[in-house]
Amino acid sequence: MAALMAALARPFRRGPAGLGTALRREAMDGPCGRGRPGTEVLRKGLQRGVVLSTGSFLVYEAHKLISGFAEVHASFKVEDVIEQADYLYGSGETEKLYRLLVQHKNSDDAELLWRLARSSRDLAQLGSTSAEEKRQLTYDSLEYAKKALEKNESNFAAHKWYGICLSDVGDYEGIKTKIGNAIVIKEHFQRAIELNPKDATTIHLIGIWCYSFAEMPWYQRKIAATLFATPPTSTFQEALRYFHMAEEADPNFYSKNLLFLGKTYLKLNNKKMALLWLSKAKEYPAQTEEDKQV
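Naming follows an unreviewed UniProt entry, where the protein appears as Regulator of microtubule dynamics protein 1 of Rhagologus leucostigma. According to the UniProt record, the Subunit (unreviewed entry) comment for the protein is "Interacts with microtubules." Listed in UniProt under the heading Sequence similarities (unreviewed entry), the comment for the protein reads: "Belongs to the RMDN family."

Structural data, given as structure tokens:
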């Protein structure tokens, strides 16, 4: 912070003095200065004008500097909150993380907002959270993710968490809504991958999407047929491909990816490979409530 203040102070000390000298020289040597016709009154008037102009400039420049510093300071604070939030997330401190981020729910920063969406969802999944609180947090998380997208459409994580939260809300609004949102959810996941092709979590999520449609029971297929001219479909082979792609992008990154590799191999009647991946899922160090459920 001291280095930042020094960097801001140095140009402030040098700038006005240099500019003032240049303006005074222009007043004395320019069109109405020495060596050119003109009255003493006009010359003094011009000098007073220069002083006023210089003073106005100094006020204006000081205002710009203060405004600029406020923006830098605000940016610095956002980065500080994000750093603290990422530390808490990595430590599995779900409740502390939520308390930190919910203070910034009115922020215009997409990076803060998608993290708040994620932490709201994580808090909703805790066993200690009541059913009423779970519901509220689920809907809140969708609003935070939506706001993050509005603030920055090019933020891949905002797309990812909007898709996740939209799917969660479908659990409260019924299977018809959930299936009806399926195409929108997949579009946001695909957009997230376009923006960040190396994000293993989003690749995993498309695998989940494929798995869900591959195992969809007949009555849900009938609902899908009423909602779409061409209902979305997938296969377990396609799901398996995405789960492996996610693992290649970031090995052992997520307990649920290991679980679904095992489950998908079971669907394909490959018990040997299923045992391999399910064993890895079982041995995964549990840090979150979801890890414990896996």
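**Q** Before we go on, may I ask you to explain helix α11 (residues 236-249) in this structure?
**A** Taking 1.5 Å per residue, 14 residues should reach 20 Å; α11 reaches 20 Å between its end C-alpha atoms and fits that length. Three or more residues of α11 are buried, namely Phe236, Ala239, Leu240, Tyr242, Phe243, Ala246 and Glu247. All buried residues of α11 lie within an arc of 165° about the axis, which places them on one face of the element. Turned more than 90 degrees from where α11 packs its buried face, Gln237 and Glu248 sit exposed.

**Q** How should I be thinking about the packing of aromatic side chains in this particular structure?
**A** Under the defined criterion, the tally for this structure stands at 7 aromatic pairs. Between Trp209 and Phe213 the ring centres are 4.4 Å apart and the planes differ by 35°, which places this aromatic pair in the tilted class. In this pair, Trp209 and Phe213 are both assigned in helix α9 (residues 200-214), 4 residues apart and thus about one turn of the helix distant. Judged by relative accessible area, which is 5%, Phe213 ranks as buried.

**Q** Looking at this structure, how should I read the environment of Ser141?
**A** Positionally, Ser141 belongs in helix α5 (residues 131-151). Separated by 24 residues in sequence, Ser141 and Cys165 have C-alpha atoms that sit 6.3 Å apart. Leaving out residues up to four positions away in the same chain, Ser141 has contacts with Ala117, Ser120, Arg121 and Cys165.

**Q** So what exactly am I meant to see when it comes to unusual backbone geometry here?
**A** The bulk of non-glycine residues show a negative phi, and the bulk of peptide bonds are trans. With phi around 60°, Asn252 is a residue other than glycine that occupies positive phi space. Residue position: Asn252 is located in the loop between α11 and α12 (255-267). With a phi angle near 60°, Asn269 is a residue other than glycine that sits in the positive phi range. Looking at the element boundaries, Asn269 is found in the loop between α12 and α13 (271-283).

**Q** I keep staring at the pattern of salt bridges and nothing clicks. Help me out?
**A** Pairs can form between side chains of opposite charge once their charged atoms are near each other. Per the counting criterion, the structure on display carries 10 salt bridges. With a shortest N-O distance of 3.2 Å, Asp199 and Lys160 are connected by a salt bridge. Placement of Asp199 in the loop between α8 (182-195) and α9 and of Lys160 in helix α6 (residues 156-173) is noted, with a sequence separation of 39 residues between them. Across the pair, Lys160 and Asp199 agree in class, each one buried. Through salt bridges that share partners, Asp86, Glu111 and Arg115 make up one connected network.

Basis of the calculations
All residue numbers refer to positions counted from 1 along the written sequence of the respective chain. Predicted model: local features are reported for residues with pLDDT of at least 70 only, side-chain atom pairs are reported and counted for 80 or more only, and whole-chain, interface and lining totals are derived from all residues. Note that the side-chain values use all heavy atoms of the structure and ignore hydrogens as well as water. UniProt positions are given in the numbering used here, feature names are shortened, and annotations may be inferred rather than shown by experiment. Secondary structure elements are taken from DSSP: a helix is a run of H or I of four residues or more, a strand is a run of E of two residues or more, and numbering for both begins at the N terminus. Take the number of residues in a helix, subtract one, and multiply by 1.5 Å to get its expected span. Exposure categories follow from relative accessible area, calculated using a 1.4 Å probe and restricted to protein chains: below 20% of the type maximum is buried, above 50% is exposed, and the middle band is partly exposed. The directions considered for the arc run from the helix axis to the C-beta atoms. Classification of ring pairs rests on two measures: the distance between centres of Phe, Tyr or Trp rings, Trp counted by its six-membered ring, which must be within 6.5 Å, and the angle between planes, read as stacked under 30 degrees, edge-to-face over 60 and tilted in between. Contact definition: two residues touch when any of their heavy atoms are within 4.5 Å. A pairing counts as a salt bridge when a side-chain nitrogen of Lys or Arg comes within 4 Å of a carboxyl oxygen of Asp or Glu.

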